[in-house]
Amino acid sequence: MTDLASLLNAEQLEAATAPDGPLLILAAAGTGKTRTLVYRVVHLIERGIAPWEILLLTFTNRAAREMLERAESVTPGITSGLWGGTFHHVANRMLRRYAPRLGFPNDFRILDADDQKSLMRQCIKDAGYAAKTFPKREVVLSMLSGAVNRGLDLLDYVETKNEDGEVSSDNLIEVINAYTRKKDEIKAMDFDDLLVFALRLLEEHDDVREHYQNRFKHVLVDEYQDTNVLQSAFVNRLAEGHQNISVVGDDFQCIYTWRGSNYRNIMDFPTQYPGARVIKLEQNYRSRPEILAVANESIKHNPDQFQKVLRPTRDSVNARPRVYDVYSDREQSDTISKIIRSACEDGYNYSDIAILYRSHFHSIETQILLGRTHVPYAITSGVGFFDQAHAKDIISLVRLTEFPADWLSFERVLTLLRGLGPASAEKLWAKLGGVYKAEEADHRNNLLAFMTPSARAQWEPISEAIANYKASKLSVTELVSAFITAYYESYLNKEYDNAKDRLDDVRELATEIERRGSVTEFLSDIALLTNVDVEGEKQRTENEPHVLLSTIHQAKGLEWPVVIILWAVEGMFPSNRSIVEESDDSEERRLFYVAVTRAKEQLHIFTPRTRYLHDGGMMDCTPSRFVKEIPETLLEQHAPSQQRRRYSPYSFRQKNY
DNA sequence: GTTGGGAGAATTTTT
DNA sequence: TTCTCCCAAC
């Protein structure tokens, strides 16, 4: 039996060992939220609940993995059989089993953002609108997603979003409906559908609902402030019988309202579950008092929230956060370099340092700098590994051999061939009757027979490799190799100047697929694997200390001794879009709060005065309101370097290897 | 039907 | 600088 009293403070202990029934843990940043939740899981299991009777819902896969690992380190084997993951993962898992109830096959396809966009492009085109005058695909998709995730009527929502639009809302709805139909035709679900259909499964199929209600005796939810209506309905359904639902969150850290998150979920929890136990964690173990002072001061400017104050437990060492008033991004880079060097001299290693920013593109200069100065770094990049064109090509190839009805993969692979475009792919697919069974010689031969001679010549060796793969004469790696030799290498060479890198990636990907064991399972769920997960895997294997570059969103839940925040200037943080589109800046401020509270020992904030634009132009910047609204006495100001050097905008635009 | 050139636009955050 | 779309030439 684990001695929790020696591991947790009074508040945490109360939360971890709270009896059955609804429980709300309001945990401010750095108060040991994860720790508490992990020990609650441990406690439940030691109390006699079986691991498979627990459902642990998190916001990212990384968070789930981290928690399970920490529980495992307390008692090895303790979490085996426990369901832990994101809402999307859990929904997917249920749907893989019960999809036929809703008219989907078990191996339904999950559409990623690219798939959604290409489907939407077709819908706009089919409806006869010119892509130029019609709203962009992303915009249309975000209207649909926004309505779905907020539980709002589509027409109402589209109308509010389309007030000054040149295209009528009816036309938008028409296209959106076409998109939904198309999705249904190919038996695919997008990300939102996973939530929608999992909820429908529970609501409309009593036996399924009862099955999961009986199975999961305890439901725990992390980051509850970032759940949306679908997600809260989902957990409420699961817990409606026993009401053993524990949620953890902090309304200050709600940073996903743009995706439908609604922190009312956490605020209204006590009303929804009368008699719910509410426990506040306010003792901050993470940050120096000077850092917390800035965080507290900042969040005060958001009046409409549960007021909580972070109480420091750590000693003050006069570690006021530093603000650097630098002239340019070049000087920002130079200073970062110095900060990193001096941190290392102070005994920190690279892994103790994180560089955070509002948007991915803010990090470009810093990446170049770190590369030039040979500082090892990892980046949670904008484009995930699996989102790159070449990765998708290979995934589609393998998918084509496994999923006979997967039109999207069929099209993608076939249109790689020279002289074969979308129109031909569609024709071939129709001639095949909308199915391509790779294991059947008839299907393979028919496809070849229907092709033009030039396409046939290119496809023949690939078709043969597929045949051998299906006859188990080739492994996945060998299939991909054959594809590369027969066609793909020359294709890459022709299309891209970094063909070699891409080829390496593709080979690595093939090995990865093979390593996973079940090819079909991996392919089905690949859309749910994010770049962060891939990065996590890499770090695990490579394990070299490195500086982390990350957006603030992706840094949520993590902490570092040294945190550097880039581009704290108006228009970048808060972002331009939020200034123009949103009536208030409270979400951006919460984001700033999240960034600040990641820091344990040192916090460095940059407010460059100028920014060079991609076309060589220059823009003046003013410090972010989030910095200016903090009393100066809480910060340590660093003036720009004395001798203002003159930089040509072009001198550092050149590629730095 | 396909491809490639040329013009034009564009830069939030993610499952 | 890079992606996307449109149109004209194969």
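In this text the structure is predicted, and so the values were computed from the model without any measurement.

S.K.: Can you break down the environment of Val326 residue by residue, with the values?
M.R.: With respect to the helices and strands, the residue Val326 is situated in the loop between β11 (322-324) and α16 (329-345). A residue is classified by how much of its surface remains accessible, and Val326, at 3% relative accessible area, is buried. With 283 residues separating them in the primary sequence, Val326 and Arg609 have C-alpha atoms 6.2 Å apart.

S.K.: Tell me about helix α3 (residues 33-46), and please be specific about residues and values.
M.R.: For α3, which comprises 14 residues, the first-to-last C-alpha distance of 20 Å matches the rise-based estimate of 20 Å (1.5 Å per residue) to within 8%. The element α3 is extensively covered by neighbouring structure, given that 12 of its 14 residues are classed as buried. Buried within α3 we find Lys33, Thr34, Thr36, Leu37, Val38, Tyr39, Arg40, Val41, Val42, His43, Leu44 and Ile45.

S.K.: Give me the packing of helix α6 (residues 113-126) against helix α7 (residues 137-150): which residues, what numbers.
M.R.: Between α6 and α7, whose axes approach to 9 Å, the crossing angle comes to 105°. It follows that α6 is roughly perpendicular to α7 by the angle criterion. In contact with Gln116, Lys117, Met120, Arg121 and Ile124 of α6, α7 contributes Arg137, Glu138, Val140 and Leu141.

S.K.: Mind laying out the packing of aromatic side chains, listing which residues take part and the relevant values?
M.R.: This model, assessed by the stated rule, comprises 25 aromatic pairs. Between Tyr212 and Phe216, the ring centres sit 6.0 Å apart and the planes meet at 10°, which makes this aromatic pair stacked. An identical accessibility class is assigned to Tyr212 and Phe216; each is buried. One aromatic cluster is present, formed by Trp83, Tyr98, Tyr212 and Phe216 through successive ring pairs. Of note, Arg96 hangs over the ring of Phe108, and the distance from its end group to the ring centre comes to 4.0 Å. Note that Lys556 overlies the ring of Phe59, its terminal NZ or CZ placed 4.7 Å from the centroid.

S.K.: Requested: an account of the sheet that holds strand β7 (residues 245-249), with residues and values cited.
M.R.: The 6 strands lie next to each other as β3-β2-β6-β7-β1-β8, forming an open sheet whose pairing is parallel. The sheet is open, and its two edges are formed by β3 (83-86) and β8 (277-281), each paired on a single side. For this sheet the average axis-to-axis angle between neighbouring strands, irrespective of direction, equals 15°. Packing against the sheet, α3 makes contact with β1 (23-27), β2 (54-58), β6 (218-221), β7 and β8, and its axis sits at approximately 170° to β6. Where helix α4 (residues 61-74) meets the sheet, it contacts β2 and β3, and its direction lies at approximately 135° from that of β2.

S.K.: Could you give me a rundown of the pairing of strand β15 (residues 560-565), with the residues and numbers involved?
M.R.: The buried fraction of β15 amounts to 6 of the 6 residues, a majority that puts the element mostly inside the structure. Here β15 pairs with strand β16 (residues 599-606) via 5 bridges, running parallel. Residue pairing across strands places Ile564 opposite His604, the latter belonging to β16.

S.K.: Summarise the environment of Cys123; cite the residues concerned and give the values.
M.R.: Relative to the helices and strands, Cys123 resides in helix α6. Counting along the chain gives 21 residues from Cys123 to Leu102, while the straight-line C-alpha distance between them is 24 Å. Other than its neighbours up to four places away in sequence, Cys123 contacts Val175, Ala178, Tyr179 and Lys182.

S.K.: Describe a negative patch on the surface, naming the residues involved and giving the relevant values.
M.R.: Taken together, Asp153, Asp156, Glu159, Asp170 and Glu174 make up a surface patch of like negative charges. What makes Glu174 partly exposed here is its relative accessible area of 37%.

Each value, and the rule that gives it
- What you see as residue numbers is a count from 1 along each chain, following the sequence as written.
- The naming scheme follows written order: chains are lettered A onward, ligands numbered 1 onward.
- This being a predicted model, a pLDDT of at least 70 is required before a residue's local features are given, and a value of 80 or more before pairs of side-chain atoms are given or counted; all residues contribute to the totals for chains, interfaces and linings.
- Note that water and hydrogens are dropped before the side-chain values are worked out from all heavy atoms of the structure.
- Put simply, DSSP marks the helices as runs of H or I at least four residues long and the strands as runs of E at least two long, and each gets a number from the N terminus on.
- Note on exposure labels: buried denotes an accessible area under 20% of the residue type's maximum, exposed denotes more than 50%, and partly exposed covers the range between, all computed with a 1.4 Å probe on protein chains only.
- Under the convention used throughout, the expected extent of a helix is 1.5 Å for every residue step, that is, one less than its residue count.
- Interaxial angle, 0 to 180 degrees, is taken between N-to-C directions of lines fitted to C-alpha atoms, where a helix line uses only the stretch in contact.
- Under this scheme an angle from 65 to 115 degrees is roughly perpendicular, one under 35 degrees roughly parallel, and one over 145 degrees roughly antiparallel; angles in between are oblique.
- Note on definitions: a residue-residue contact is assigned when non-hydrogen atoms from the two residues lie within 4.5 Å.
- Whether two aromatic rings pair depends on their centres lying within 6.5 Å, for rings of Phe, Tyr and Trp, where Trp uses its six-membered ring; planes under 30 degrees apart make the pair stacked, over 60 edge-to-face, and the rest tilted.
- We call a charge positioned above a ring when the Lys NZ or Arg CZ atom is no farther than 6 Å from the ring centre and deviates by at most 35 degrees from the ring normal.
- We call two strands paired when DSSP finds no fewer than two bridges between them.
- Each patch is assembled from residues with relative accessible area greater than 30% and no salt bridge, linking like charges that lie within 9 Å and nonpolar side chains (Val, Leu, Ile, Met, Phe, Trp, Tyr) that lie within 5 Å.
- Only the protein chains shown count as cover for residues, and all accessible areas are computed by the Shrake-Rupley method using a 1.4 Å probe.
- Put simply, a salt bridge is a Lys or Arg side-chain nitrogen that is within 4 Å of an Asp or Glu carboxyl oxygen.
- Neither His nor the chain ends is counted toward charge; the positive residues are Lys and Arg and the negative residues Asp and Glu.
- To locate a charge, take atom NZ for lysine, CZ for arginine, CG for aspartate or CD for glutamate.

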